[in-house]
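Single-letter residue listing:
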Amino acid sequence: MKSLRRRSKFALGAAAFTLAGAAAFATLTPSASASDGDRHPRPPKPTVVLVHGGFADASNWNGVMARLQKDGYPVMAPANPLRGIPNDAAYIASVLRSIQGPIVLVGHSYGGAVITNAAAGNPNVKALVYVAAFVPDTGEKLGDIINKYPGSEIQAALNPVPFPNPDGSTGTDLYIRSDRFRDVFAADVSKNEAALMAAGQRPFSASSFEDVTTAAAWRTIPSYGVVATADKAIPAAVERWEYQRADARRVVEVRGASHVVMISHPDVVERLIEQAAADTR
């Protein structure tokens, strides 16, 4: 019995020595499973800011937002005031200043003109993504750009509605007539969805077409573009020309897509945004 107890004590002591040695070895030796990514973690994902255009609101981005959030991106889709480029760019610029860290800034349609002005001088904006958008240069007007190539049918489908400005002057809001909304704006979404969009559309000020762009952020910030090949609002030829002029790093063409390509093809738009985000990291 004494011999058995001695052997048991020896075995326990040996086991303790082995465990202690293993712990010491683990402390001194880097884990075999530790990857370079663990020792050198990648920077956090940039915040994606999505800016809608005229006749729309932030819900137009829902499909894109859901995919980005699923992939772990912080996302904001502020309400674009739609009161003209000077006002709207200043507002979006204030939103951007409230965000810490890198930003990927995305603009659809008129929202492209807004981000072009709003991002200027903000070092946190690392990429601009234009989705069937205006990409004006300094001194340009959207009313001139939209007519650079034929194909836009939206101007003939507009319903101008006067409204009073705070200073007593009269402004003009632009709506798309409900009988033309789906055809010229959202031809590749269902009739029911287009009808809801038409009923809830947010007008934007007619002054937006005459406002002069005062900054062109794409001259210093890398840009990316989505072309909607069946766009009847901003012709695809205009979009291609703008993106080429901006020396966009990547341009994706979506065949048969209407002006609201981010609604009908949210996966394509989301992938391009994530490509822009990956390039910033």
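Residues numbered from 1 in each chain as written. Predicted model: local features only at pLDDT ≥ 70, side-chain atom pairs only at ≥ 80, totals over all residues. Heavy atoms only, no water.

Moving on to the environment of P43. Its place among the elements puts P43 in the loop between α2 (36-39) and β1 (47-51). C-alpha of P43 to C-alpha of G101: the two residues are 58 residues apart in sequence and 9.9 Å apart in space. (Helix = DSSP H or I, 4+ residues; strand = E, 2+ residues; numbered from the N terminus.)

The next thing to look at is the sheet that holds β1. With parallel pairing, the six strands of this open sheet are ordered in space as β2-β1-β3-β4-β8-β9. Both edges of this open sheet fall to β2 (75-76) and β9 (250-254), since each of them pairs with a single strand only. Looking at chain direction, β1 and β2 are connected through two bridges and run parallel. Across the sheet, V49 pairs through a bridge with M76, a residue of β2. (Pairing = 2+ DSSP bridges.)

A separate point is the packing of helix α4 (residues 85-97) against helix α5 (residues 110-118). Contact geometry of α4 with α5 gives a least axis separation of 8 Å together with a crossing angle of 65°. Seen from above, α4 lies across α5 with right-handed handedness. Here α4 contributes I85, D88, A89, I92, A93 and L96 to the contact with α5, which in turn contributes Y110, A113, V114, N117 and A118. (Axes fitted to C-alpha atoms, helices over the stretch in contact; angles between N-to-C directions. Left-handed = near helix turned anticlockwise from the far one by under 90°. Contact = heavy atoms within 4.5 Å.)

Now for the nonpolar core. Formed by 83 residues in total, the largest nonpolar core has its most connected members in L105, L128, F185 and I273. In contact with L128, other than residues within four places in its own chain, are L105, I115, A119, A217, W218, I221, P222, S223 and Y224. (Core = buried A, V, L, I, M, F, W, Y, C linked by side-chain atoms within 4.5 Å. Buried < 20%, exposed > 50% of the residue type's maximum accessible area, 1.4 Å probe, protein only.)

Before going further, it helps to examine the pairing of strand β4 (residues 125-131). Looking along a regular strand, one sees side chains alternate from face to face of the sheet. Most of β4 is tucked away: six of the seven residues are buried. With six bridges connecting them, strand β3 (residues 103-108) and β4 associate as parallel partners. Bridge pairing in β4 places G107 opposite Y130. As defined by bridge partners, β4 adjoins strand β8 (residues 223-228) across four bridges and the pair is classed as parallel. By the bridge assignment, Y130 is partnered in β8 with G225.

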